[in-house]
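One-letter residues, chain by chain:
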Amino acid sequence: MTKKRIVMDADRIDRSITRIAYEILEKNKGVEDLALIGIRTRGIYLAQRIQEKITHIEGTSVPLGIVDITLYRDDLAQRKEIGRAHV
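This structure is a prediction, so every number in the text was calculated from the model and none was measured.

Caption draft 1: Broad picture of the environment of Arg 19. Structurally, Arg 19 can be placed in helix α1 (residues 10–28). For Arg 19, a relative accessible area of 56% gives the class exposed. Considering only alpha carbons, one finds Arg 19 and Lys 53, 34 residues apart in sequence, at a separation of 9.5 Å.

Written out as structure tokens, the structure reads:
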């Protein structure tokens with residue numbers, strides 16, 4: 001039996017997302033001309049969480065877009081999910 005190991009718990013993930021949000025704000029010098037893009041599917045959730053942090057920090061929401069790269073993947077033939085709708 002293999003022992004499962006927790007790499008990051010919910011608190012560490014939240015702190016990491018907070019650090020990422022602050023880094024983005026620092027590099028961009030605020031929210032002016034800032035937009036976030038999430039790559040479908042799991043990248044959307046990360047982008048949304050960063051957007052929520054930035055909204056909490058700055059008091060204003062930044063635009064959020066979604067990019068679907070399905071047709072550009074080189075492993076498309078190997079995926080079991082072909083033909084399934086992605087959310």
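Caption draft 2: Representation of the pattern of salt bridges in the model. Per the counting criterion, the structure on display carries two salt bridges. Note that Lys 53 and Asp 14 form a salt bridge whose closest N and O atoms lie 2.9 Å from each other. You can see Lys 53 sitting in helix α2 (residues 42–58) and its partner Asp 14 sitting in helix α1, a full 39 residues away along the chain. Between Asp 68 and Arg 40 there is a salt bridge whose closest N-O contact spans 3.8 Å. Note that Asp 68 is positioned in the segment after β2 (64–67) and Arg 40 in the loop between β1 (36–39) and α2, a separation of 28 residues in sequence.

Caption draft 3: Broad picture of α2. If you check α2, its first and last C-alpha atoms are 25 Å apart, about what 17 residues at 1.5 Å a residue would give, namely 24 Å. Burial in α2 covers these residues: Ile 44, Ala 47, Ile 50, Gln 51, Lys 53 and Ile 54. Contact partners of the buried residues in α2: α1, β1 and β2. One or two residues past the end of α2 sits Gly 59, with phi positive at roughly 80 degrees.

Caption draft 4: Just unusual backbone geometry, in detail. Each neighbour pair has its own omega, and for Arg 40 with Thr 41 the value is 15 degrees, a cis peptide bond. With respect to the helices, strands and loops of the structure, Thr 41 is situated in the loop between β1 and α2. One non-glycine residue, Lys 29, adopts positive backbone phi at about 60 degrees. By the secondary structure assignment, Lys 29 is in the loop between α1 and β1. Phi angles above zero are rare outside glycine, and Asp 33 is one such case at about 60 degrees. In this structure, Asp 33 sits in the loop between α1 and β1.

Rules used throughout
- Residues numbered from 1 in each chain as written.
- Predicted model: local features only at pLDDT ≥ 70, side-chain atom pairs only at ≥ 80, totals over all residues.
- Heavy atoms only, no water.
- Helix = DSSP H or I, 4+ residues; strand = E, 2+ residues; numbered from the N terminus.
- Buried < 20%, exposed > 50% of the residue type's maximum accessible area, 1.4 Å probe, protein only.
- Salt bridge = Lys/Arg side-chain N within 4 Å of Asp/Glu carboxyl O.
- Expected span 1.5 Å × (residues − 1).
- Contact = heavy atoms within 4.5 Å.

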